[in-house]
Amino acid sequence: GNSVTQMEGPVTLSEEAFLTINCTYTATGYPSLFWYVQYPGEGLQLLLKATKADDKGSNKGFEATYRKETTSFHLEKGSVQVSDSAVYFCAQTVMNTGFQKLVFGTGTRLLVSP
Amino acid sequence: DAGVTQSPTHLIKTRGQQVTLRCSPKSGHDTVSWYQQALGQGPQFIFQYYEEEERQRGNFPDRFSGHQFPNYSSELNVNALLLGDSALYLCASSLSPGTEQYFGPGTRLTVT
């Protein structure tokens, strides 16, 4: 089946530290991969995406590379800020007769202290 | 350009009651999907509507039903509420069935 596995949180970092949140997936076929961010009390915002192997998605200093050989899509940022504190979800698309749904990981909470 | 909107923002219901949640898609979008996000979990796909029909469904019981109107807005109905139905319900719309989904802010349902 199709699933997404994320590293458990919380991830606690000091401001300006390097961030990595691991994400691996299992899939039949070649899904698109996404990172979503959820701030407290809010819905999901798309952070970045990649639609095929070796693509790199990037946004607001965050990056992730679609690695088919390791079935991974790890999220990285070189220097985190307090405002990056949120829950991050890795997701993949699953297509079924032309209709697409998203399968999410369980989320990783990031806490950044000043 | 208004994004995806959902109403109400919060809702408290009692076990056994029925609830209706509403979603207006982003302008120009014709496909609506619903997800349930339990506390501390990732969103789980409930179902997707296109051309006023349910097109695919996740692993949810028949107590969960939906509707899509000619203006593409959608409702999610849950009957015979259980405590376990307490969650954030997210609506997502897309330009067409196989394209990127944009999420609304969600409706937080609490069942007591």
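Quick caveat: nothing in here was measured; it's all calculated off a predicted structure. (Residues numbered from 1 in each chain as written. Chains lettered and ligands numbered in written order. Predicted model: local features only at pLDDT ≥ 70, side-chain atom pairs only at ≥ 80, totals over all residues. Heavy atoms only, no water.)

## Focus: the overall build of chain A
Alright, step 1. On a plain count of helices and strands, chain A comes out with 0 helices and 12 strands.
Alright, step 2. Against the 2.2 N^0.38 benchmark of 13 Å for 114 residues, chain A shows a C-alpha radius of gyration of 14 Å, consistent with a compact globule.
Alright, step 3. Along the longest, intermediate and shortest principal axes, the C-alpha atoms of chain A span 50 × 30 × 20 Å.
Alright, step 4. Within chain A, buried positions represent 45% of all 114 residues. (Helix = DSSP H or I, 4+ residues; strand = E, 2+ residues; numbered from the N terminus. Rg over C-alpha atoms; globule rule 2.2 N^0.38 Å. Buried < 20%, exposed > 50% of the residue type's maximum accessible area, 1.4 Å probe, protein only.)

## As for the pattern of salt bridges
Alright, step 1. Summed over all chains, the structure comprises 8 salt bridges over all chains.
Alright, step 2. A salt bridge links A:Lys77 to A:Asp84; the nearest nitrogen and oxygen atoms lie 2.7 Å apart. Taken individually, A:Lys77 and A:Asp84 each receive the classification buried, so the pair is uniform in this respect.
Alright, step 3. Here B:Glu54 makes a salt bridge to B:Arg57, at a shortest N to O gap of 3.0 Å. (Salt bridge = Lys/Arg side-chain N within 4 Å of Asp/Glu carboxyl O.)

## Some thoughts on the pairing of strand E5 (residues 44–50) of chain B
Residues and elements named next belong to chain B.
Alright, step 1. Of all 7 residues in E5, 6 are buried, a share of seventy percent or more.
Alright, step 2. Looking at chain direction, strand E4 (residues 31–37) and E5 are connected through 6 bridges and run antiparallel. Opposite Val32, over in E5, you have Tyr49 as the bridge partner.
Alright, step 3. Remark: 2 residues form the turn of the hairpin made by E5 and strand E6 (residues 53–57), two consecutive strands paired antiparallel; Glu51 in that turn has positive phi of roughly 50 degrees. (Pairing = 2+ DSSP bridges.)

## Things to note about the interface of chain B and chain A
It is common to give the size of an interface as the accessible area that goes away when the parts come together.
Alright, step 1. Each partner contributes residues to the interface: chain B has 21 residues there, and chain A has 18 residues.
Alright, step 2. Both faces combined, the contact of chain B with chain A buries some 1,600 Å², and carbon together with sulfur accounts for 54% of it.
Alright, step 3. Taken together, chain B and chain A are joined by 1 salt bridge.
Alright, step 4. Counting across the chain B and chain A interface gives 8 residue pairs in polar contact (both at pLDDT 80 or more).
Alright, step 5. Mapped by element, the contributors of at least two residues to the side of chain B that touches chain A are E4, E5, E6 and strand E9 (87–94) of chain B.
Alright, step 6. Looking at the side of chain B that touches chain A element by element, the count peaks at 3 residues for E5(B).
Alright, step 7. Across the side of chain B that touches chain A, the residue classes tally to 9 nonpolar, 10 polar and 2 charged. (Contact = heavy atoms within 4.5 Å. Buried area = accessible area lost by both parts, 1.4 Å probe. Polar contact = N/O pair within 3.5 Å; in protein donor to acceptor, adjacent residues only side chain to side chain. Nonpolar A, V, L, I, M, F, W, Y, C, P; charged D, E, K, R; others polar.)

## Remarks on the sheet that holds strand E3 (residues 19–24) of chain B
Residue and element names in this part refer to chain B.
Alright, step 1. Here we have 4 strands laid out as an open sheet, ordered E1-E3-E8-E7, and antiparallel in their pairing. Of all strands in the sheet, those with a lone pairing partner are strand E1 (5–7) and strand E7 (64–68), marking the two edges. Within the sheet, the average angular offset between the axes of one strand and its neighbour, ignoring direction, is 20 degrees.
Alright, step 2. As paired elements, E1 and E3 share 3 bridges and run antiparallel to each other. Its bridge partner lying in E3, Gln6 is registered against Cys23. (Axes fitted to C-alpha atoms, helices over the stretch in contact; angles between N-to-C directions.)

Any link to function would need more than the numbers given here.
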